[in-house]
Amino acid sequence: MTHPVDILLVLVILLNFLVLGTPSLRMTIRGAALQGTLLALLPLLVHRGFGWRVAAIAVATMALKGLLIPGLLEKAMRDVHIRREVEPYVGFVPSLFLCAVGTALAILFSGNLPLAPEHAGTLLVPASLATLLSGFLVLTTRKKAISQVVGYLILENGIFIFGQLLIEAMPFLVEAGVLLDLFVGIFIMGIVINHIRQEFSSLDTELLSELKD
Amino acid sequence: MEVGLVLLPLLGAVVAALVRSRERRAWVVPAAGVLHLLLLGGMVLGNVRSGRGFWLRLDPLATVILGTISVLFVVAAFYLPGYLALRRDRDDRVFCAGLLVFLAMTSLLALAQHLGLLWVAMEATTLATAPLLYFNRTARSLEATWKYLMIGSVGIAIALLGSLFLAYSAHVGGAEPSLLFDDLLAGAGSFSRPWLRAAFVLLLVGYGTKMGLAPLHTWKPDAYGEASGIVGALLAGGMTNAAFLALLRVYRVVNAAGEGAFARELLVFMGLVSIALAAVFVVRQRDLKRMLAYSSVEHVGILVLGIGLGGIGVFGSLLHAINNGLTKGVLFLSVGNIHRAFGSKHLDEVSGAISRLPVSGSLFLVGFFAITGSPPFGPFVSEFTIVNAAIGGGHAVAGTLLLVLLGIVFIGMGSTVLSAVQGRPGTASAGTPYKDDLARTAPILVAAALVLLLGLWLPEPLVSLLERAAEGLEARP
């Protein structure tokens, strides 16, 4: 636990639990925002030399993941006057348990994957997989459209962590991929959320259940 | 030259967005589609080659898939003016532009020779289709769009992680940092195997979601069920083929690294699961468009099964990509007409389609026989090739299972389709004024003729193209 990267990653994993365990939508959004802000520091720590490119990634990540997208989500939340995630498909305690199991599996699984010498001994891979799984859990177990988008955001955070392994070898892929996916995905989902609100005056995706076999 | 195939439809999209007259706007789409097909044909006939290392290249694999998409797009585009003439209630500016952006992005995807660019194109294709799905602006289409975007975005995120895994596999193996497929194929031998395997699983899940392989298909019945005929045709015949191509590009790298056997096992498994699931859900399906969605799940299963079986199955699978794409055009466009005439796509209201709509009803029946692999249509040839590959290649169990499942799908679809087209139209259907006319049937007739032609006669240049494409996939280290 001496490496500063690892301390940061442990905080990120703890935030996964926070987001999964709270019924308050505001806490969910802020947890994801804090996670995004912490992750913005990651390129600075992983990448030893301090270049303009790394700084640009950090600033852009912080602006998007830490401020802009959470801000949009909080605004959507205020507009429809919803505060809490009521009755998720899987309860809060069971989903915390699943998250713990997922995190343990992520640590076990990543033990089987050989790392390049410069990454040996860091928590990057297990943290990435654990965050990805938590995001997936939020996405699949929650009913509110806003919670589902937060789940997607956390899933993206997991991929962002993994991207740090390649930031020196293939910086372009990492930057373009993560930011584009995030920005466009959330942007388009934001538009759809807006339409859902106009159509149903609510953001409960349970209302979206007319189509089935 | 290759850039032209991407820029031309994009330019068309800009024009479509700027044109004020509705009639002219509807004709911009077929015009751009024809130009795209002509440019593609010219490049194939003129044997335009660009060397190694380029980011965009029209290789045999891209020619097969993009050729199918381009022909299907032209068919759907000529259907468009007749369709939009009935939809004067909707602003179609975004719809027309979206169709052309979809063509541009699938072209980019087909031509991309770079792992990252391939992924960006897949993402862009998804985003371009979202407004097309939401064209009707109803609560149901909103639900379908939401599910499509949520599940599709997760699939694409997983494909990104898979691409990163693949890149890291190369990095750990000490390869040069390049994501061009030429370089990946050349250096594949030294890649780190555990990372490569994990990468293939993730990419199969990611691009498999976009293809609609079971159990990642859950968005498909909703999206296809709510889509208009044109969008359904382009999703089932275009988007699935584009995602299939993305998967094939990755499969090539994995194969070159010597992990082909691992990948093929997974493909056979996913293929059979998809066909089996479709067989379960297609039986007693009373919604015509949802039935077609499950048929699409079945056929993407057949596509990956053919690749997984290897040998002549690869040829059969690539041929099936063409046949399935065109036949889905026939089915979705004709079911669109039926939907409009009866005001419903459900068997409760639809019956006697042939007597109500002689042309569209008959074409729907023809499409049903073609897609279930009846001779003399194209899918018969390709499905027969794949069954042959299974039984001849020592996969007797898979081959038998495939035959049984195809039989179940035939019976299940058959009972739905026959009760839709036979008999007398109910009184409820008399209300709509819709009639078959040339604008909305001629394009379907052309597609049906092509499907029939491919069943009767495979032109020599097409066979040699398919063989070259299959050769690239079969190459062993």
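The model shown is predicted, which means the values in this text are computed figures rather than measured ones. (Residues numbered from 1 in each chain as written. Chains lettered and ligands numbered in written order. Predicted model: local features only at pLDDT ≥ 70, side-chain atom pairs only at ≥ 80, totals over all residues. Heavy atoms only, no water.)

1. Quick look at the overall build of chain B
Here comes step 1: If you tally the helices and strands in chain B, you get 19 helices and zero strands.
Here comes step 2: Since a compact globule built from 477 residues should have a radius of gyration of about 23 Å, the 21 Å found for chain B is in line with a globular shape.
Here comes step 3: By its C-alpha atoms, chain B is 70 × 55 × 45 Å across when sized along the principal axes.
Here comes step 4: Expressed as a percentage of the 477 residues in chain B, the buried residues total 64%.
Here comes step 5: Of all intrachain contacts in chain B linking residues separated by at least 6 positions in sequence, the fraction that spans at least 24 positions is 82%.
Here comes step 6: As displayed, chain B offers around 15,300 Å² of accessible surface, 68% of which is attributable to carbon and sulfur atoms.
Here comes step 7: With 34 positive and 26 negative side-chain charges, chain B shows a spacing of 6 Å between the two charge centroids. (Helix = DSSP H or I, 4+ residues; strand = E, 2+ residues; numbered from the N terminus. Rg over C-alpha atoms; globule rule 2.2 N^0.38 Å. Buried < 20%, exposed > 50% of the residue type's maximum accessible area, 1.4 Å probe, protein only. Contact = heavy atoms within 4.5 Å. Areas by Shrake-Rupley, 256 points an atom, 1.4 Å probe, with all protein chains shown as cover. Lys, Arg positive; Asp, Glu negative; His and termini not counted. Charge placed at Lys NZ, Arg CZ, Asp CG, Glu CD.)

2. Structural notes on the interface of chain A and chain B
Here comes step 1: With 48 residues of chain A in contact, the opposing surface of chain B contributes 41 residues.
Here comes step 2: Approximately 4,000 Å² of surface area, both sides summed, lies buried where chain A meets chain B, with 77% of it carried by carbon and sulfur atoms.
Here comes step 3: Between chain A and chain B we count three residue pairs in polar contact (both at pLDDT 80 or more) in total.
Here comes step 4: Looking at the side of chain A that touches chain B, the elements that each hand over two or more residues are α5 (124–141), α6 (145–163) and α7 (171–200) of chain A.
Here comes step 5: With 15 residues, the single largest contributor to the side of chain A that touches chain B is α7 of chain A. (Buried area = accessible area lost by both parts, 1.4 Å probe. Polar contact = N/O pair within 3.5 Å; in protein donor to acceptor, adjacent residues only side chain to side chain.)

3. Regarding unusual backbone geometry
All names here are of chain B.
Here comes step 1: Cis geometry is adopted by the peptide bond preceding Pro215, which originates at Ala214 and carries an omega value of 0°.
Here comes step 2: Counting through the fold element by element, Pro215 comes out in the loop between α8 (193–211) and α9 (219–226).
Here comes step 3: Cis geometry marks the peptide bond from Pro375 to Pro376, where omega comes out at 5°.
Here comes step 4: Looking at the secondary structure, you find Pro376 in the loop between α15 (358–371) and α16 (378–392).

4. Remarks on a nonpolar patch on the surface
All names here are of chain A.
Here comes step 1: On the surface, Phe97, Leu98, Val101, Leu105 and Leu108 cluster together into a nonpolar patch covering about 500 Å² of accessible area.
Here comes step 2: For Val101, the position within the fold is in helix α4 (residues 92–110).
Here comes step 3: The class for Val101 is partly exposed, based on a relative accessible area of 35%. (Patch = residues over 30% accessible without salt bridge, like charges linked within 9 Å, V, L, I, M, F, W, Y side chains within 5 Å. Salt bridge = Lys/Arg side-chain N within 4 Å of Asp/Glu carboxyl O.)

5. Observations concerning helix α19 (residues 460–474) of chain B
One turn of an α-helix holds 3.6 residues; hence residues three or four places apart share an orientation.
Residue and element names in this part refer to chain B.
Here comes step 1: Helix length check: α19 (15 residues) gives 21 Å between terminal C-alpha atoms against 21 Å at 1.5 Å per residue, within 8%.
Here comes step 2: Regarding α19, the residues found buried are Leu462, Val463, Leu465, Leu466, Ala469, Ala470 and Leu473. End-on, the buried residues of α19 take up no more than an arc of 160°, which puts them together on one face. Relative to its buried face, α19 has exposed residues pointing more than 90 degrees away, namely Glu460, Pro461 and Glu471.
Here comes step 3: Looking at the buried side of α19, the elements it contacts are α3 (60–85), α10 (229–256), α12 (288–309), α13 (312–342) and α18 (438–456). (Expected span 1.5 Å × (residues − 1). Arc of directions from axis to C-beta.)

6. Side note on the packing of aromatic side chains
Here comes step 1: Using the criterion set out here, one finds 17 aromatic pairs over all chains in the structure.
Here comes step 2: Consider the rings of Tyr79 of chain B and Tyr83 of chain B, whose centres lie 6.4 Å apart with planes at 20°: the pair is stacked. Taken together, the positions of Tyr79 of chain B and Tyr83 of chain B, both in helix α3 and four residues apart, correspond to about one turn of that helix.
Here comes step 3: Among the aromatic residues, those joined into a cluster by ring pairs are Phe162 of chain A together with Phe165, Tyr168 and Trp195 of chain B.
Here comes step 4: Between Lys143 of chain A and the ring centre of Tyr89 of chain A, over which it is positioned, the NZ or CZ distance is 5.1 Å.
Here comes step 5: Over the ring of Trp219 of chain B we find Lys210 of chain B; its NZ or CZ atom is 5.7 Å from the centre of that ring. (Phe/Tyr/Trp six-rings, centres within 6.5 Å; stacked < 30°, edge-to-face > 60°. Lys NZ or Arg CZ within 6 Å of the ring centre and 35° of its normal.)

7. Concerning helix α1 (residues 4–21) of chain A
All names here are of chain A.
Here comes step 1: Between its terminal C-alpha atoms α1 stretches 26 Å, which fits the 26 Å expected from 18 residues at 1.5 Å a residue.
Here comes step 2: Looking at α1, one finds that the buried residues are Val5, Asp6, Leu8, Leu9, Val12, Ile13, Leu15, Asn16, Val19 and Leu20.
Here comes step 3: Where α1 is buried, its residues touch α2 (25–46), α4, α5 and α6.

8. Some words on the pattern of salt bridges
Residue and element names in this part refer to chain B.
Here comes step 1: Inspection of every chain in the model, using the stated rule, returns 18 salt bridges over all chains.
Here comes step 2: For Arg88, the salt bridge goes to Glu23, with nearest N and O atoms at 3.1 Å. One end of the pair, Arg88, is in the loop between α3 and α4 (93–111); the other, Glu23, is in helix α2 (residues 22–45), and 65 residues separate them in sequence.
Here comes step 3: Of the charged contacts in the structure, one is a salt bridge between Asp222 and Arg290, with a shortest N-O distance of 3.0 Å. Of the two residues, Asp222 is situated in helix α9 and Arg290 in helix α12; the sequence distance between them amounts to 68 residues. Across the pair, Arg290 and Asp222 agree in class, each one buried.
Here comes step 4: Each member of the salt-bridge network shares a partner with another, and the members are Arg140, Glu226, Asp287 and Lys345.

9. Let's talk about the nonpolar core
Residues and elements named next belong to chain B.
Here comes step 1: Membership of the largest hydrophobic core comes to 243 residues, with the highest contact counts inside it found for Phe244 and Leu318.
Here comes step 2: With 19 residues, the single largest contributor to this core is α10.
Here comes step 3: In this structure Phe244 touches Ile65, Met211, Leu303, Val304, Ile307, Ser317, Leu318 and Ala321, once residues within four positions along its chain are discounted. (Core = buried A, V, L, I, M, F, W, Y, C linked by side-chain atoms within 4.5 Å.)

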